[in-house]
Amino acid sequence: MGNFIFKRSLQSVLSLALLIILVFFLARFTGSPADLYLPLDATEEMRDQFNQRFGFDDPVYVQFFRFLGGLLQFDLGESIQYSKPAVEVVLQAFPTTLMLAAITMPIVIAVAIVTGSLAAFRPGGLFDRIASLISLIGASTPNFWVAIVGVIVFAVWLRVLPTSGTGTPWHWVLPVAVLCLRPTGVLVQVVRSSMITALSSAYVKTARAKGVRARAIVFVHALRNALLPVITVASDQAAGIVNGAVIVETVFGFPGIGKLMIDSVLLRDFAVIQAAVLVTALAVFIINIVVDITYALVDPRIRHS
Amino acid sequence: MPDTRLLKVQNLSIQFPTRKGIVHAVNDVSWTVDRGETLAILGESGSGKSVSASAVMNLVDTPPAVISSGQILFRGQDLLKASAEDRRLVNGKSISMIFQDPLAALNPVYPIGWQIAETMRVHGIDADTARRRAIDLLGRVGISDPERRARDYPHQFSGGQRQRIMIASAIALQPDLLIADEPTSALDVTVQAQVLDLMKELQRDSGMGMVIITHDLGVVEKVADKVVVMQGGRIVEAGPVAKVLSQPSHPYTQRLLDAVPGRHGFSVNEAAEAGPTPLLEVRNVSKVYFGRPKLFSSAPQPQVKAVDDASFKLSRGATLGIVGESGSGKSTLARMLLGLDTPTAGSIDFDGKDLLKLSAAETFKVRRRVQFVFQDPTASLNPRMTIQQIVSEPWAIHAGVLPRQQWRERVAELLEKVGLLPDHAERYPHQFSGGQRQRIAIARSLALQPELIVCDEAVSALDVSIQAQIIDLLKELRRDMGLSYIFIAHDLALVRDFATSVIVMYQGKIVEQGPTEQVYGKPQHDYTRRLLAASEVQPGALAA
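Every value quoted in this text rests on a predicted model; they were computed, and no experiment measured them.

Visitor: So what exactly am I meant to see when it comes to the overall build of chain B here?
Guide: Scanning chain B from N- to C-terminus turns up 21 helices and 20 strands. Computed over its C-alpha atoms, the radius of gyration of chain B comes to 26 Å, within 12% of the 24 Å expected for a compact globule of 544 residues. Expressed as lengths along the three principal axes of its C-alpha atoms, the size of chain B is roughly 80 × 65 × 45 Å. For chain B, with 544 residues in total, the buried portion stands at 45%. For chain B, the proportion of contacts with a sequence separation of at least 24, taken over those separated by at least 6, is 69%.

So this is what it looks like as structure tokens:
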């Protein structure tokens, strides 16, 4: 296992390096930040002063090596828009996004497993047909539309929930609900088809011949065998939220990493973009390691190979 | 008056509605089994032999199936009228069942000790006692070091051990009846005998009744007291084993008995000609598979010798049988002969030319002369191609062999040659039975007029009576076209009927080779003797 994690880390460091190089240079192709931050009638002198302060007057490759040097000391440069270290800005926004993911994913997984398993128990039955229809609608409805309709219905008409912000637990209800919708729809389908395969297997027949109760057959015998594809898809969805639930964060005014990244891209705040990419990539890397360990825990054949 | 028989299935009829109409899987079937007695239900695939036994275990789901009539009386109580919960309490406790493929039938993600103990836990035995008894049971069925192995998972055991584990789980609560659905079909022949012996021994100790569902007459002979023969959902013959097998009254039973291989004379080398150069000469061929070396480890790279120093010759018109159990290297050898795998060492001469030293263009030409028929005709025929496209594909690959205008005519000829009809050419593989599909595969292999056909378990997936038909076809082609065969099989009786000479493989090595009569009549190697004893190929064993 240690060997495996070491190899995985090595691969991740390589892809991370590639990602950082790409982001660094692509961001600089978009133009100079000076155009955005200084008044239209700024003098050449002011521009030089601005560029000098943030190091934009040096050739790009010099900027890159300076960035690498900083990286080794965990210094990712200074944010132009906030006049603070970029790392600080990112680490302020990230907990909100992590919190969104940490609340959303357990709900998604629990609902999908129960619904998908029950649907798979009698494929083509009434429950299956209703569950399939609803999950299909959930999986295919655009987030921004649901978010806006949700605000209109619950915040504007019924006045039971706030429209935006993060102050109280009530502020989290709508964003989490909207964020759950699509992943749940997709995951129900994954659980269902994986469970149908597991329930028609020979070991389930053995369990029935042993006199095992129906509930234990579904949730003990079949479910654990059906989990691998579910874990794969769920981790992908978790990574998607950790990378920034851009639409939900924007609609509900959540100060998360997705909103921060979009704002930083629009304002050419290079240091913040780089820091955000690094931090989210690191989080995705950790998710992947956790997933690999979960695979091994769930399936002994993976553990022994 | 209540019936005192252990289990009595009476006038049972079960239908499955399908797209093509209602299938009468079981039609007015009756059988009984008592304590200490063993009933065999014998039949080929699709005969409905498993369905009535599955109905006893409530494994036939209604819907979609319909149980239209009959009773299943267990100690006088009709199980079909009992509640689902009552039937669950019978399953595993009073009646238990084991299945064909123990790897699939054991849950891959739980330790085997846990799975055996589960049978006891669901019927009210506390977890601690159940775990201790599971370990005892593992020892009882012959798993060594049961305490430690109880924590292992199914994939860590061999096929025979897995079936022993299934048996341990089935007998955990000392059931009155054990139903075994093809319990040994997925196992190697020496292991089959051991598992059957174990079942008989457990039966002697506990006095339980047994129902064995099988397609294998050898199994019936070995373990059963009485037998019912099923065909097309009906029982065509029933009675004591000795009587049914020696004086079959129904024509189907007679045909079945006739089709059993290994009970006739040895195959005659009708067309073999001992020319100066053999058609095929294999010299000191080995195949070693290397495992992945460990990172930062000085341990030598792990390696497996799949084939170890194999040498043999095959003359024109001869048929060489290669027998061995799973993992003996026989399929790897076949793959190397077909050029699907490259030997690590040695040489393969075909018609005097070393196949391994040929240029790509020359290899392509030789390919034409060596064709193949694989085990599973369903998997080896592309489901989206018509039979016309499948059989003519070799001509598309080897351009210039046959002009396109003649393809249709030639396909029709080939189909007739293998016993199919010319207008079958427009159909798709799924419209044919297993035996017919294998005929199509043979027609395809004949398209390029090869000199050698390599058959890897070519009839193993087929029913006995179909097996006999295909072997007859292969013999006919051998006679008419002077074909040579390499015939790989785990079934010794089949090889005995068909091959002119035999190679016995064991753990990658050829342990014995010679003319069929000699190898089967006077086996030299200990392993050959064990194989023959386990498969009980004795000339005239049944004729008496």
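Visitor: In this structure, what is going on with the overall build of chain A? I would like to understand it.
Guide: A count of helical and extended segments in chain A gives 14 helices and zero strands. Ordered by position in the sequence, the α and β elements of chain A form the string α-α-α-α-α-α-α-α-α-α-α-α-α-α. Its C-alpha atoms give chain A principal-axis dimensions of roughly 85 × 55 × 30 Å. Among the 305 residues that make up chain A, the fraction classed as buried is 32%. Taking as baseline every contact in chain A between residues at least 6 positions apart, the subset at least 24 positions apart corresponds to 71%.

Visitor: Whenever I open this one, the UniProt feature "domain: ABC transporter" (unreviewed entry) in chain B confuses me. Can you help?
Guide: UniProt records the feature "domain: ABC transporter" (unreviewed entry) for residues 7-257 and 280-532 of chain B in the present numbering. Segment residues 7-257 of chain B splits into 38% helix and 28% strand. End C-alpha atoms: 28 Å apart.

Visitor: How should the sheet that holds strand β4 (residues 66-74) of chain B be read in this particular structure?
Guide: Adjacent strands of a sheet form backbone hydrogen bonds with each other and so pair up, either parallel or antiparallel. Overall, antiparallel pairing links the four strands, which are arranged β2-β1-β4-β5 (chain B) in an open sheet. Two strands bound the open sheet, and with one partner strand each, they are β2 (21-33) and β5 (77-78) of chain B.

Visitor: Whenever I open this one, the UniProt feature "domain: ABC transmembrane type-1" (unreviewed entry) in chain A confuses me. Can you help?
Guide: With numbering aligned to this structure, UniProt lists the feature "domain: ABC transmembrane type-1" (unreviewed entry) at residues 94-291 of chain A. Between the C-alpha atoms that bound residues 94-291 of chain A there is a distance of 21 Å. The span itself is 83% helix and 0% strand.

Visitor: I would appreciate a short explanation of the packing of helix α6 (residues 126-140) of chain A against helix α8 (residues 170-199) of chain A in the present structure.
Guide: A pair of packed helices can be characterised by two numbers: the angle between their axes and the separation between those axes. All names here are of chain A. Between α6 and α8, the least distance of the axes is 7 Å, while the angle of their chain directions is 135°. As far as their axial angle goes, α8 and α6 are oblique. Seen from above, α6 lies across α8 with left-handed handedness. From α6, Ala131, Ser135, Leu136, Gly138 and Ala139 reach across to α8, where they touch Leu181, Arg182, Thr184, Gly185, Val186, Val188 and Gln189.

Visitor: It is not clear to me how the sheet that holds strand β7 (residues 177-181) of chain B should be interpreted in this structure. Could you clarify?
Guide: Residues and elements named next belong to chain B. The strand order across the open sheet built from six strands is β6-β7-β8-β3-β9-β10, with neighbouring strands paired in mixed fashion. Of all the strands in the sheet, the pair left with one neighbour each is β6 (95-98) and β10 (234-240). Direction aside, the axes of adjacent strands within the sheet are offset by 15° on average. Of the strand pairs in this sheet, β7 and strand β8 (residues 209-214) are connected by five bridges, and their pairing is parallel. When the bridges of β8 are listed, Asp181 appears paired with Ile213. Against the sheet, helix α7 (residues 159-170) contacts β6 and β7, and its axis sits at roughly 170° relative to β6.

Visitor: I would appreciate a short explanation of helix α17 (residues 434-446) of chain B in the present structure.
Guide: An α-helix turns once per 3.6 residues; consequently, residues spaced three or four apart project the same way. All names here are of chain B. Taking 1.5 Å per residue, 13 residues should reach 18 Å; α17 reaches 19 Å between its end C-alpha atoms and fits that length. Buried residues of α17: Arg437, Gln438, Arg439, Ile440, Ala441, Ile442, Ala443, Arg444, Ser445 and Leu446, and no others. If you follow the buried residues of α17, they end up packed against β16 (370-373), α14 (377-380), α15 (387-397), α16 (407-417), β17 (452-456) and α18 (464-481).

Visitor: What should I look at first to understand the environment of Leu531(B) in this one?
Guide: Residue and element names in this part refer to chain B. Mapping Leu531 onto the fold places it in helix α21 (residues 526-535). Residue Leu531 is classed as buried on the basis of its 24 C-beta neighbours within 10 Å. Put simply, Leu531 and Gly324 are 207 residues apart on the chain and 8.5 Å apart in space, counted from C-alpha to C-alpha. If sequence neighbours within four positions are ignored, Leu531 has contacts with Val189, Thr190 and Leu492.

Visitor: Quick question: what am I supposed to make of unusual backbone geometry here?
Guide: For residues that are not glycine, phi is negative in most cases, and the peptide bond is trans in most cases. Residue and element names in this part refer to chain B. You will see that Asp145, though not glycine, has its phi angle at about 55°, which is positive. Inspection of the secondary structure puts Asp145 in the loop between α5 (127-140) and α6 (146-149). One non-glycine residue, Gln174, adopts positive backbone phi at about 45°. Note on placement: Gln174 falls in the loop between α7 and β7.

What counts, and where the lines are drawn
Residues numbered from 1 in each chain as written. Chains lettered and ligands numbered in written order. Predicted model: local features only at pLDDT ≥ 70, side-chain atom pairs only at ≥ 80, totals over all residues. Helix = DSSP H or I, 4+ residues; strand = E, 2+ residues; numbered from the N terminus. Rg over C-alpha atoms; globule rule 2.2 N^0.38 Å. Buried ≥ 20, exposed ≤ 12 C-beta atoms within 10 Å, placed from the backbone. Contact = placed C-beta atoms within 7 Å. UniProt positions renumbered as here; feature names shortened; annotations may be inferred. Pairing = 2+ DSSP bridges. Axes fitted to C-alpha atoms, helices over the stretch in contact; angles between N-to-C directions. Parallel < 35°, antiparallel > 145°, perpendicular 65-115°, else oblique. Left-handed = near helix turned anticlockwise from the far one by under 90°. Expected span 1.5 Å × (residues − 1).

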